[in-house]
Every structure is written in structure tokens, then in C-alpha cells.
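Each chain is listed here by its residues.
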Amino acid sequence: MPRVYAVVNQKGGVGKTTTAINVAANLPDLGLSGLIVDMDPQGNTTSGLGIDRTGLSTSVYNVIIDAADINEAVQASRVPGLDILPSHRALAGAEIELIGLPRRERRLLYALESLRRAYDYIIIDCPPSLGLLTVNCLVAAEFMLIPIQCEYYALEGLGALTHTTQLIQRDLNPRLKIGGIVLTLFDPRLTLAWQVAEQVRNQYPEQTFRTVIPRNVRLSEAPSHGMPISQYDPTSRGAVAYHELTKELIAQ
């Protein structure tokens, strides 16, 4: 059985998609196979791995709304050993369409269970919200990987996420747990960044990863080239940090 991580934070701009892409892209380098699932209607994970969403005949939208065969929707990414279940702009309306569907919270879970290929890890990039798409992600996952930006209000949204998690654990997925909190967009020149990092570690000492992701221009540039940072600039500080984070994650 694969280990399934949902990369989740309802706040936007915290490095969620960057974390999903670059953790998943490092798995093959560490001898592990992976599938990345783009559940965000913005589709940044899909385009960030060099896939043109406009030319897709089948996507995660068809899988969760139309019950299409997930094996036909999964395709190889530019990273050898990493497959992707791509997003599509139609996913933007899926929140409303899901309301009338049977087992609406479990559509992604059932789809992943029907995968014919075995993966070591499945990484799900969640939308920046706590709607039905994110609920599907959390029901399908075993672990949550939570990126937290090292800036003001970093912990503000964690309370809402924790409350949602408790509801899902109680009613839909009792095995769901925090697989780790990762500090992102860290600027060592800022006193605030150090204060936020200390606050997070004090509040979640066991769940917070040792590896900190720095604010790095090369990380911002990589998606525009359709590459993870490990391909775009493997010697950059961002690439080294995500490699170390992935090693820490799989050592759990």
C-alpha cells in the first residue's frame, strides 16, 4: 500500500504547490515511485510539471465527477519515475457538482483504490480552501503535510484546519494524522521569520520537520519552465532543502 500525503493549507501563497511538486519529484531520486494528484482547480502542479492542461482528454475532474477510469487519466511526468493525475479548469465547478453525487466525500479515495499500478507514495496537492475537493483529499490520505509560511498570521489558519481534521477523523477517516509541518519561505534576515519558526516548533515540537525551506528565487522560476527545482537548478538552496525534506519525510 502506498503512503498517501495530502499537502494542505487553506491559506494561499504558503508554498503548498511548490512543496507538493518538489517532494514528489525527489522520490525517484531516492529510489521510490510516486504519483502526484493535482486537485487544485488552478492546475499549477500540472503546468509546473510541464503538462498543457488545454490538451487533456481525461483529468482528475473526469475521475471524480464522471467516475472515469483513473488508470486512463494518469500519465507520465517529465520526471522519470513520477506519474501525475492532472487537473483541468473544469475542476473549478466540481465543488457544486459533487454536492449531488453519491459518496461525494469519497470519490477520490475510491479512484485511488482502483489504481492498477503500485506506487510507493501518492502526493495530493489540495486546493487552498476547506471545501468538498479538500475533504476528498483528506478522506483519501493517511497523512497531512502542512506548509506554513514564516510570516505573520502563519498559525492563524491552522485552527480551522485542525477543526476540519477532527471532523474528518471522527466521521470519515479515522486514520488521518499530521504527517509533518514544514516551514516555508524562510528569510533568515528577518527577525519575524525566526520568531514564527520558534513559535511553530514550540506549539508542534513533534510534528515540525527540521528542514526549513528558504525563500529562493530559483524555486519561483522553476514552474515557469515546467520543471521541479531538482531539474531546473539542482544545486540551488531550494533544491537542496527539498531534497533534505523528502529524505526526512520518507524516514518517518
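See the structure above.
Nothing here was measured: the structure is a model prediction, and the numbers come from that model.

This part takes up the overall build of the chain. Broken down by element type, the chain carries twelve helices and eight strands. Computed over C-alpha atoms, the radius of gyration of the chain comes to 17 Å, within 12% of the 18 Å expected from 2.2 N^0.38 for 252 residues, which places it in the range of a compact globule. In terms of its C-alpha atoms, the chain occupies a principal-axis envelope of roughly 50 × 40 × 30 Å. Considering the chain as a whole, with its 252 residues, one finds that 54% of them fall into the buried category. Intrachain contacts of the chain at a sequence separation of at least 6 include 78% that bridge at least 24 residues. When the accessible surface of the chain is split by element, carbon and sulfur atoms take 51% of a total near 11,000 Å². Here the chain carries 22 positive and 25 negative side-chain charges, and the mean point of each set is 1 Å from the other.

This part covers the packing of aromatic side chains. Under the counting rule described, the total for this entry stands at three aromatic pairs. Ring plane angle 25° and centroid distance 4.9 Å describe the contact between Tyr-5 and Phe-143, whose orientation is recorded as stacked. Placement of Tyr-5 in strand 1 (residues 3–7) and of Phe-143 in strand 6 (residues 143–149) is noted, with a sequence separation of 138 residues between them. Note on Tyr-5: relative accessible area 0%, which makes it buried. Residue class for Phe-143 comes out buried when judged on its relative accessible area of 8%.

It is worth spelling out unusual backbone geometry at this point. Positive phi, close to 50°, is recorded for Arg-103, a residue that is not glycine. With respect to the helices, strands and loops of the structure, Arg-103 is situated in the loop between helix 5 (94–99) and helix 6 (107–113). A positive phi angle, close to 55°, is found at Leu-185, a residue other than glycine. For Leu-185, the position within the fold is in strand 7 (residues 177–186).

The buried count for helix 1 (residues 16–26) comes to ten of eleven residues, which makes it a mostly enclosed element. Every buried residue of helix 1 is accounted for by Lys-16, Thr-17, Thr-19, Ala-20, Ile-21, Asn-22, Val-23, Ala-24, Ala-25 and Asn-26.

Next up on the list: the pairing of strand 8 (residues 208–214). Counting buried residues along strand 8, five of its seven residues qualify, which places the element largely inside the surrounding structure. Here strand 7 pairs with strand 8 via three bridges, running parallel. For Phe-186, the partnering residue across the bridge sits in strand 8 and is Pro-214. Of the crossover connections in this fold, the one passing from strand 7 over helix 9 (residues 191–203) to the parallel strand 8 is right-handed.

Turning next to the state of the cysteines. For the structure on display, the rule yields zero disulfides. Of the cysteine sulfurs around Cys-126, a residue in no disulfide, the closest is that of Cys-137, at 3.7 Å. Taking the relative accessible area as the measure of exposure, Cys-126 reaches 0% and is therefore buried.

Here we take up the packing of helix 1 against helix 12 (residues 237–250). Contact geometry of helix 1 with helix 12 gives a least axis separation of 9 Å together with a crossing angle of 70°. Between helix 1 and helix 12, the crossing angle belongs to the class labelled roughly perpendicular. Along the contact surface, helix 1 presents Thr-18, Thr-19, Asn-22, Val-23 and Asn-26, while helix 12 presents Tyr-242, His-243, Leu-245, Thr-246 and Leu-249.

So, on to the nonpolar core. Counting 53 residues, the largest nonpolar core has Val-37, Met-39, Ile-64, Leu-108, Leu-112, Ile-122 and Ile-124 as its most contacted members. Apart from residues lying up to four places away in sequence, Leu-108 is in contact with Val-37, Met-39, Ile-64, Ile-124, Asn-136, Cys-137 and Ala-140. Counting 30 residues, the second largest nonpolar core, distinct from the first, contains Val-23, Phe-143, Val-182 and Leu-219.

Attention now goes to the sheet that holds strand 8. On the basis of which strands lie adjacent, the open sheet formed by eight strands has the order 3-4-2-5-1-6-7-8 and mixed pairing. Each having just a single partner strand, strand 3 (75–76) and strand 8 make up the two edges of the open sheet. Contacting strand 6 and strand 7, helix 8 (residues 158–171) runs over the sheet at an angle of about 175° to strand 6. With respect to the sheet, helix 9 is in contact with strand 6, strand 7 and strand 8, its orientation differing from that of strand 7 by roughly 170°.

Time to look at the side chain of Arg-107. Among the structural elements, Arg-107 can be located in helix 6. One buried charged residue, Arg-107, remains without a salt bridge, the closest side chain of opposite sign being Asp-66 at 7.0 Å. Within the local environment of Arg-107, its side chain forms a polar contact with the backbone oxygen of Pro-102, the two atoms lying 3.3 Å apart. Once residues within four sequence positions are removed from consideration, Arg-107 is found in contact with Ile-64, Ile-65, Ala-67, Leu-98, Leu-101, Pro-102 and Asn-136.

About the cut-offs
Residues numbered from 1 in each chain as written. Predicted model: local features only at pLDDT ≥ 70, side-chain atom pairs only at ≥ 80, totals over all residues. Heavy atoms only, no water. Helix = DSSP H or I, 4+ residues; strand = E, 2+ residues; numbered from the N terminus. Rg over C-alpha atoms; globule rule 2.2 N^0.38 Å. Buried < 20%, exposed > 50% of the residue type's maximum accessible area, 1.4 Å probe, protein only. Contact = heavy atoms within 4.5 Å. Areas by Shrake-Rupley, 256 points an atom, 1.4 Å probe, with all protein chains shown as cover. Lys, Arg positive; Asp, Glu negative; His and termini not counted. Charge placed at Lys NZ, Arg CZ, Asp CG, Glu CD. Phe/Tyr/Trp six-rings, centres within 6.5 Å; stacked < 30°, edge-to-face > 60°. Pairing = 2+ DSSP bridges. Right-handed = clockwise from strand over helix to strand, strands pointing away. Disulfide = S-S within 2.5 Å. Axes fitted to C-alpha atoms, helices over the stretch in contact; angles between N-to-C directions. Parallel < 35°, antiparallel > 145°, perpendicular 65-115°, else oblique. Core = buried A, V, L, I, M, F, W, Y, C linked by side-chain atoms within 4.5 Å. Salt bridge = Lys/Arg side-chain N within 4 Å of Asp/Glu carboxyl O. Polar contact = N/O pair within 3.5 Å; in protein donor to acceptor, adjacent residues only side chain to side chain.

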